Amino acid sequence: MIISYNWLKEYLDIDVDPQELKDILTYAGIEVEAVDNIGKNLDQIKVGLIKDKIKHPNADKLSICHVDTGQETVQVICGAPNCATDQKIAFAGIGTKLQDMKIKKVKLRGVESFGMICSEKELGISENHDGILELPEDAPVGENLSSYLKLKDTCYDVEITPNRPDLLGMIGVARDLAAIRNKKIILPKIELSTSKDKIQNFLTLENFAPKKCTRYTARLIKNVTIKDSPIWLQKRLLAVGLHPINNVVDVTNFVMLEFGHPLHAFDLANIQDKKIVVRMAKENEKFPALDDETYSLTTEDLVIADAERPIALAGIIGGKNSLITKETKDIVIEAANFLYSNIRKTGNRLKISTDSSYRFERDIADDTADIVSRRAAQLILKTAGGELLEGKLDSYPAPQTPKKVKLRQSRIKKVLTIDLSQRQIAAYLEGLGLKLISQKDDEQIFQIPSFRKDLTREIDLIEEIIRLFGYNNVDTHLRSQKIMDRKRFYLRRKLKRIMVENGFSEIRNWSFGDPADLQKMEIQAEDERWKLAKLKNPLGDSFSVMRSTLIPDLLKNARFNFNHGQKDIKTFELNKAYTRDKEQKLATEKFHLSALLSGNSRPIYWKETNQKIDFYEVKGIVEEIISLFPLQDLKYLQSTENYFQQGQAATIQWQKKKIGELGKIDRKIAGKFDLEQDVFILDLDLEKLFSALKTEVHNFQPIPKYPPVLRDLSFIISKKYEFLKIKKEIASVNKTIKKIVLFDEYQGENIDLDKRSLSFSITFSSDTKTLTDEYINKIIKLIIDRLRSKFDIEMR
Amino acid sequence: MQAELDKVYQKARSEIEQAKNIPELLNLKSKYIGKKSLLNKLMKQISSLPKEERPEFGKKLNIAKNKIQELITIRENQIQEIQYKNELKSEAIDVTMPGRKRKIGNLHPITLVMQEIEDIFISMGFDVVEGPDIEDEFHNFDALNTPPDHPARNLSDTFYLDNDILLRTQTSTVQIRTMEKYQPPIKIISPGSCYRNENDATHSPMFHQVEALVVDEGINFVDLRDILNDFVKKMFGDRIQTRFRPHFFPFTEPSAEMDISCVKCFGKGCNLCKGTGWLEMGGAGMVDPNVFEMLKIDPEKYTGYAFGLGIDRIAMVKYNIPDMRMLFENDIRFLKQF
Ligand SMILES: [Zn+2]
């Protein structure tokens, strides 16, 4: 439903601007889905004055006018019949954007025109296009039309939940807002003067379906003049997206939008025998509706009929046979209520949904029928003239007795935690139209208004209280705060999982260390691992410090397991390493992930020959771990640590800092630890890795639309060029190169001693097209040319 | 000629049924129903028959031809089926031979128990917080309501680095550090390594603990008992009971020690529980108001509880490990059991 800010203001002193109102509506449970600023495009339209008018020399129907715009006088060609000298009009100058067009200087039959005098339709304020908009004499020339006519409005497209049919009218929304803002709602005053004639003398009513038509009222107005509605009425309808038709139909629509209760108007002349009959349709009875369709009805469908035929499908759509036309003189105003389930059933079967059926099928109140009938009569008299006959026809088979609901203060406290006095509770609920009937200790009885059928239990009233109090205004009870470093906690777990998945057993050693181990490892004197945290009262010399590296324990543990016949070992420890400077009060405690590999890479298997662990197996694990962190420009440099075998170990460097190392333990050093087989170590400083984790954004990459193309490339190249350098060079040739995988290295027969053969599998793909063979061949040739000139390669 | 036809048909039938492979079958096809076949020869001889017998014989000839074709098709299918079965037979393998295993490693039993404890408490809304192993006396003793001359401050049990710098003897130090930094509500556990200067079958100089601290308005003794009960049942199973015994800890008042019913005998008495039916699980209590005062937390407004559990002991009970030293020996044959 669409709600207009200006319209709401008629019922309520709104003290907030349209933007703020949007939030208030949403927090009240009326969710605003879109906002439309009406009249914004009319800012350039001004009030103008036609100073003189002469006939166009070359066109009968056109006139040449001179218009005072408040700033200047311009010449304008106008074709409207009602354009006249001294008339105040709406003027659009050159450059003005109006609806879909932009006003330009034009020449009409040889005479130039510098703007346009606008009709109501051109301005979008009504459907009237018979002539130009005539403004009152006192309209100030040069003023913005939109502010003069108050054309600016803000409209909200809101979602009304199915339990709240009372919000399907402006007054219902205004009532909720009034209750929230603690204001009084101003209902329209309805005073009617009637003629002496009684309606009963002109029209009769029979209700044969009291269960399905729970209320039916009719009023009769004679001698109306059907014409276009006044601007104020058209403006209201247009603002909420309804097309004006004529004054009587517009009034019924207006009142429906105002109160949320639909009505209908019949032409009395077309009611046979002046008899309104509410009855079930006959099987296969035909009904010609206003939408130009003829519907075939069943005995399940309720109709409003005259003596002979249906003139309306009750609550859903009017009949073509009784509609209001220009010739209509006497009209019958129907305001009724129908059983919601029956409206829904008929509407669904015939596939008709109207503003009227939308409201009736949500179960609205019986007793607003008379109010909207009187309101419609009042507005028809005002806009279409005529005289209202005395009295009304009214069938109200079973008037509803108002429901009563008990509400306990203590229950509100229990459910919502908020303490409200009985006076405050009453104030909230009375704002919504409930009536306090009685109260004693901790108990109030409220009478529920007919339009709030959704309120039947105590908990329903409690929901209303919190809605008005504000869901977000209740004090929070959240008893937690972010003390935990979740990122590091779960990352450490993930690292352990990766190691386990790669076949490693986790070990845990005491945190104590032995300085003699550092000596055995020949760790250089300036290395920070010599900044030891020494114990004053250790268990013994071999436990005299807190360990500054986890590597010695891994080596000693490997020896223990070798001695027990376990020759294939993959172990890791993820734990703290400690260092302490002389000036330091406490110590530096850093988590390290350290691992040891030795023996066969995999358990012996009858189908395969055994493979010994080598440097690249360790590096694969390091690469898997490193890939969790956004480390760009990571470098693997030859390690210079004494405990590693020179040429088979690397230092991992990122942003010029060492973040870890891996390699084969030097045989002499291994001997000092009594290790008789080759041992590989990896050691990562997790504090440095974690520090790279600043942002946690993980954007998914779209899956490529076009299939990849794979090509192999083999060549002989000097050993002085490192793999990484070659790979980078290939990657830089073309952006369709997405992946470069080394699948073979060969040295030996037929190849010079200082050279090696490398084989790459290169994946090409494009985000915009399927790559042709021809294209790939071209790129391959570019790669070869580049490698030839840079590295002097030789193709195999 | 009729007799000859019958003879040819019978012969064709027996030869086709015995054909061993497809080429053989193709030969038979051309021999009997091909252009230069026996049947075709008979067809050419049809003119030698009396005129009235010719149509009848022609019919019979056709029927015989169709039948032979049918026999060939049937045999062809049979041969293909046999060949397929033979193929499968040659591909058959010994399904009892060992499969290709991806060797997955294992976490240390202490890690397994620690993660399980962490996960139970995280699911109950606790944060996990860690702190330094190398601590000062304030966080390890003073702030925990254990002034220098206090009998609970057993110097010979503690490893020192300097006069007032030591290896923490419990992870309660992390609780103090958290309360220094945060006002309540606080709901944390702090797992980690602790150190005491002793070494035998039941005591290791380094061991693992998890301590919990909850401080908020309205926290009471029943909350403490409830959460420990809940934890024990989640960790060891619904049959396990708990009991609280009065005890002394300097930083809690009232203080208690918690026992759980023996996980092996469920209270009947066995060698694990030394016949008592109960196992000691850890210490607990309501945080002493003095501790709050020292940390500038309003002891009138807030109350809290704390408890500590020995992770190594839980691992030993859970996995029935007899000697604490096995946990730190890291024998691969031991580790691979987890
Ligand atoms: Zn027992």
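This one's a predicted model, so the numbers in the text were calculated from it and none came from an experiment.

## Side note on the overall build of chain A
Counting secondary structure elements, chain A contains 21 helices and 43 strands. For a compact globule of 796 residues, the expected C-alpha radius of gyration is about 28 Å, and chain A comes in at 44 Å, more than 25% above that figure. Per-residue burial for chain A yields a buried fraction of 50% across its 796 residues. Expressed as a percentage of contacts within chain A between residues at least 6 apart in sequence, the contacts between residues at least 24 apart total 68%. Summed over its atoms, the accessible surface of chain A is roughly 39900 Å², and 48% of this surface lies on carbon and sulfur atoms.

## Some thoughts on the overall build of chain B
If you tally the helices and strands in chain B, you get 12 helices and nine strands. Each principal axis of the C-alpha atoms in chain B carries an extent, and together these give about 140 × 45 × 40 Å. Relative to its 338 residues, chain B shows a buried fraction of 48%. Long-range pairs, those at least 24 residues apart, make up 65% of the contacts in chain B between residues at least 6 apart in sequence. In the structure as shown, chain B presents an accessible area of about 17300 Å², 52% of it carried by carbon and sulfur atoms. Between the centroid of the 45 positive side chains of chain B and the centroid of its 50 negative side chains there is a distance of 23 Å.

## Focus on the coordination of the zinc ion
All names here are of chain B. Only C262 (SG), C265 (SG), C270 (SG) and C273 (SG) from the protein coordinate the zinc ion, and they sit 2.2 Å from it. Mapped onto the polypeptide sequence, the residues donating to the zinc ion form the spacing pattern C-x2-C-x4-C-x2-C. Looking at C265, the relative accessible area reads 9%, which means it is buried.

## Describing the packing of helix α20 (residues 723–731) of chain A against helix α21 (residues 773–791) of chain A
Residues and elements named next belong to chain A. Between α20 and α21, whose axes approach to 10 Å, the crossing angle comes to 140 degrees. Classed by the angle they form, the pair α20 and α21 counts as oblique. α20 and α21 meet at a crossing whose hand is right-handed. Facing α20, whose interface residues are K725, I726, E729 and I730, α21 presents I783, R786, L787, K790 and F791. Considered class by class, the residues forming the contact of α20 with α21 number five nonpolar, no polar and four charged.

## Examining a positive patch on the surface
On the surface, K735, K738, K769 and K778 of chain A cluster together to form a positively charged patch. In this structure, K735 of chain A sits in the loop between α20 and β41 (737–746).

## Looking at the sheet that holds strand β18 (residues 275–280) of chain A
Sheet strands pair via backbone hydrogen bonds, and the direction of the pair is either parallel or antiparallel. All names here are of chain A. Within the open sheet, the five strands sit side by side as β15-β18-β21-β22-β23. Their pairing is mixed. The open sheet is flanked by β15 (204–207) and β23 (317–318), the only strands paired with a single partner. Bridge count between β18 and strand β21 (residues 302–305): four bridges; the pairing is antiparallel. Looking across to β21, one finds that R279 is bridged to V303.

## As for the confidence of the model for chain B
All names here are of chain B. With 99% of its residues at a pLDDT of 70 or more, chain B shows a mean pLDDT of 90. By mean pLDDT, the top-scoring element of chain B is helix α5 (residues 109–123) (97), and the lowest-scoring one is helix α3 (residues 38–44) (80). Model confidence for the complex: the whole-complex pTM is 0.77, and ipTM, which rates the interface, is 0.86.

## Notes on helix α17 (residues 615–626) of chain A
Residue and element names in this part refer to chain A. With 12 residues, α17 extends 16 Å between its outermost C-alpha atoms, agreeing within 8% with the 16 Å of an ideal straight helix rising 1.5 Å per residue. Looking at α17, one finds that the buried residues are F615, V618, K619, I621, V622, I625 and I626. For α17, the angular spread of the buried residues around the axis is 160 degrees, confining them to a single face.

## Observations regarding unusual backbone geometry
It is generally the case that most residues other than glycine have a negative phi and that most peptide bonds are trans. With an omega of 5 degrees, the peptide bond running from P184 of chain B to P185 of chain B counts as cis. Looking at the element boundaries, P185 of chain B is found in the loop between α7 (172–181) and β4 (186–195). For the bond from E253 of chain B to P254 of chain B, the omega torsion is -5 degrees, close enough to zero to count as cis. Structurally, P254 of chain B can be placed in strand β7 (residues 252–261). The backbone of K274 of chain A shows a phi angle near 50 degrees, a positive value even though the residue is not glycine. Within the element layout of this structure, K274 of chain A appears in the loop between β17 (264–267) and β18. The class for K274 of chain A is partly exposed, based on a relative accessible area of 31%. Even without a glycine there, the phi angle at N145 of chain B is positive, about 65 degrees. Relative to the helices and strands, N145 of chain B is located in the loop between α6 (137–140) and β3 (165–167).

## Digging into the sheet that holds strand β29 (residues 443–447) of chain A
Residue and element names in this part refer to chain A. Taken in spatial order, the three strands make up an open sheet running β27-β29-β28, and their pairing is antiparallel. In the strand order of this sheet, the two ends are held by β27 (404–407) and β28 (435–440), each with one partner. Ignoring which end each strand starts from, the neighbouring axes of this sheet average 20 degrees apart. Note that β27 and β29 share four bridges and pair antiparallel. Of the residues in β29, the one forming a bridge with V405 is F446. Together, β27, β28 and β29 form the strand contacts of helix α12 (residues 422–431), whose direction differs from that of β29 by roughly 15 degrees.

## Quick look at the packing of aromatic side chains
Applying the stated criterion to the full structure yields 25 aromatic pairs over all chains. Between the aromatic rings of F121 of chain B and F231 of chain B, the centroid separation amounts to 4.9 Å while the plane-to-plane angle is 20 degrees, which identifies the pairing as stacked. With F121 of chain B in helix α5 and F231 of chain B in helix α8 (residues 221–236), this pair connects stretches of sequence that are 110 residues apart. Among the aromatic residues, those joined into a ring-pair cluster are W510, F512 and F543 of chain A together with F159, Y195 and F328 of chain B. It is R362 of chain A that lies over the ring of Y358 of chain A; its NZ or CZ is 3.8 Å from the centre. Across the ring face of F673 of chain A, the terminal group of K520 of chain A is positioned such that the distance to the ring centre comes to 4.9 Å.

## Digging into the interface of chain B and chain A
On the chain A side, the residues contacting the 62 residues of chain B number 54 residues. Summing the contributions of chain B and of chain A, the shared interface buries around 5100 Å²; its carbon and sulfur component is 53%. A per-residue breakdown of the area chain B buries against chain A is headed by K103, I134 and I332 of chain B, which together make up 11% of the total. Counting across the chain B and chain A interface gives seven salt bridges. With a shortest N-O distance of 2.5 Å, E130 of chain B and R492 of chain A are connected by a salt bridge. Linking chain B with chain A are 39 residue pairs in polar contact (both at pLDDT 80 or more), by the criterion used here.

## Quick look at α20 of chain A
Residue and element names in this part refer to chain A. For α20, every residue scored as buried is listed here: I726, E729 and I730. Seen from one end, α20 has its buried residues packed into an arc of 100 degrees, which puts them on one side. The exposed residues of α20 that point more than 90 degrees off its buried face are K725 and K728. Looking at the packing, one finds that the buried side of α20 touches β40 (709–718), β41, β42 (755–764) and α21.

## Thoughts on the packing of helix α6 (residues 231–239) of chain A against helix α7 (residues 247–259) of chain A
Residue and element names in this part refer to chain A. Taken N-terminus to C-terminus, the directions of α6 and α7 make an angle of 50 degrees; their axes are 10 Å apart at the nearest point. Comparing the axis directions of α6 and α7 gives the class oblique. Here α6 and α7 pass one another in a crossing that is left-handed. In this structure, α6 contributes W232, L233, R236 and L237 to the contact, and α7 contributes N247, D250, V251, N253, F254 and L257. Counted by class, the contact of α6 with α7 contains six nonpolar, two polar and two charged residues.

## A few points about the domain arrangement of chain B
Looking at chain B, the domain boundaries give domain 1 (2–90) and domain 2 (109–335). For domain 1 of chain B versus domain 2 of chain B, the separation of C-alpha centres amounts to 93 Å.

## Describing the environment of T69 of chain A
Residues and elements named next belong to chain A. Counting through the fold element by element, T69 comes out in the loop between β4 (63–68) and β5 (73–78). Here T69 falls in the buried class, since its relative accessible area comes to 9%. Taking the C-alpha atoms as reference points, T69 and I50, 19 residues apart in sequence, are found 9.0 Å from one another. With sequence-adjacent residues up to four places away left out, T69 is seen in contact with V47, V74, F91, V141 and G142. Looking at T69, its side chain comes within polar contact range of the main-chain nitrogen of Q71, at 3.3 Å.

Here is what the cut-offs are and how they apply
Residue numbers restart at each chain and count upward from 1, following the sequence in its written direction. Naming scheme: in the order in which they are written, chains are lettered from A and ligands are numbered from 1. In keeping with the predicted nature of the model, local features appear solely for residues at pLDDT of at least 70, side-chain atom pairs appear and are counted solely at 80 or more, and the whole-chain, interface and lining totals rest on all residues. Side-chain numbers here rest on the full set of heavy atoms in the structure, without hydrogens or water. For helices the rule is a DSSP run of H or I covering at least 4 residues; for strands it is a run of E covering at least 2, with both sets numbered from the N terminus onward. Our radius of gyration is a C-alpha quantity, and the globule rule it is checked against amounts to 2.2 Å times the number of residues to the power 0.38. Three exposure classes are used, based on accessible area relative to the maximum for each residue type with a 1.4 Å probe and protein chains only: buried under 20%, partly exposed in between, and exposed over 50%. It only takes one pair of heavy atoms within 4.5 Å for two residues to be counted as in contact. Note on areas: Shrake-Rupley, 1.4 Å probe, and residue coverage restricted to the protein chains presented here. For the purpose of charge, His is not counted, nor are the chain termini; Lys and Arg are scored as positive and Asp and Glu as negative. Every charge is mapped to an atom, namely NZ of Lys, CZ of Arg, CG of Asp or CD of Glu. A donor here means an N, O or S atom no more than 2.8 Å from the metal, or no more than 3.2 Å when the metal is Na, K or Ca. Since water is not included, a site may seem to lack partners. Note on definitions: angles span 0 to 180 degrees between N-to-C directions of axes, and those axes are lines fitted to C-alpha atoms, for helices only across the stretch in contact. Throughout this description, any angle smaller than 35 degrees is read as roughly parallel, any larger than 145 degrees as roughly antiparallel, any in the 65 to 115 degree range as roughly perpendicular, and the remainder as oblique. Crossing handedness is read from the near helix: turned anticlockwise from the far helix by less than a right angle, it gives a left-handed crossing, and turned clockwise, a right-handed one. Residues are grouped as follows: nonpolar covers Ala, Val, Leu, Ile, Met, Phe, Trp, Tyr, Cys and Pro; charged covers Asp, Glu, Lys and Arg; every other residue, Gly included, is treated as polar. Like-charged residues within 9 Å of one another, or nonpolar side chains (Val, Leu, Ile, Met, Phe, Trp, Tyr) within 5 Å, are grouped into patches, provided each residue has over 30% relative accessible area and no salt bridge. We count a salt bridge whenever a side-chain nitrogen from Lys or Arg sits within 4 Å of a carboxyl oxygen from Asp or Glu. Two strands are said to pair when DSSP picks up at least two bridges between them. Note: pLDDT gives the predictor's confidence per residue, expressed from 0 to 100. In this scheme, a helix's expected span is set at 1.5 Å multiplied by one less than its residue total. Relevant arc is that of directions from the helix axis to the C-beta atoms, nothing else. Only the six-membered ring of Trp is used, alongside the rings of Phe and Tyr, when aromatic pairs are assigned; centres must lie within 6.5 Å, and planes under 30 degrees apart are stacked while those over 60 apart are edge-to-face, with the rest tilted. As a reminder, the over-ring test applies to NZ of lysine and CZ of arginine, requiring each to be within 6 Å of the ring centre and within 35 degrees of the ring normal. When two parts are brought into contact, each loses some accessible area as probed by a 1.4 Å sphere; the total of that loss over both is the buried area. Distance and chemistry together define a polar contact, namely a pair of N or O atoms within 3.5 Å, with one atom able to donate a hydrogen and the other to accept it when in protein, and with adjacent residues in sequence counting only for side-chain atoms on both sides. Throughout, the edges of the domains are those of an automatic or database domain assignment.

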